[in-house]
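Fold and contact review
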Amino acid sequence: MEDNLLQEPTYAPKAVWAELKKVRWPSFKGLMQSSGLVIVFTLLFGLYFFVCEAAASALVSWIVSL
């Protein structure tokens, strides 16, 4: 094996800064839309898991009461 593959990568500050300049940062509006979608889907998944948990709990309680 080559020694180059085993070495840790080094990051030069100039190279990091050059890469940061290439990044296309989101606008405030786009950031708010994305954040809103994340919040909505998090609430929907939370509601889904709550309903599943309540249904499973009711099922187990019903089975135990037999």
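Here's a quick rundown of the structure. (Residues numbered from 1 in each chain as written. Predicted model: local features only at pLDDT ≥ 70, side-chain atom pairs only at ≥ 80, totals over all residues. Heavy atoms only, no water.)

**Looking at the pattern of salt bridges**
Applying the stated criterion across every chain, the model contains one salt bridge. Across the pair E19 and K22 runs a salt bridge whose closest N-O atoms are separated by 3.2 Å. One end of the pair, E19, and the other, K22, are both in helix α2 (residues 13–22), three residues apart, so they sit about a helical turn from each other. Judged by relative accessible area, E19 falls into the partly exposed class, the value being 46%. Classification of K22 as exposed rests on a relative accessible area of 62%. (Salt bridge = Lys/Arg side-chain N within 4 Å of Asp/Glu carboxyl O. Helix = DSSP H or I, 4+ residues; strand = E, 2+ residues; numbered from the N terminus. Buried < 20%, exposed > 50% of the residue type's maximum accessible area, 1.4 Å probe, protein only.)

**A closer look at the packing of aromatic side chains**
Within a pair of aromatic rings, the relevant descriptors are the distance that separates the centres and the angle that separates the planes. Following the criterion strictly, the structure yields one aromatic pair and no others. With a centroid separation of 5.4 Å and 65 degrees between ring planes, the pair formed by Y48 and F49 is classed as edge-to-face. (Phe/Tyr/Trp six-rings, centres within 6.5 Å; stacked < 30°, edge-to-face > 60°.)

By themselves, these figures tell us nothing about what the structure is for.
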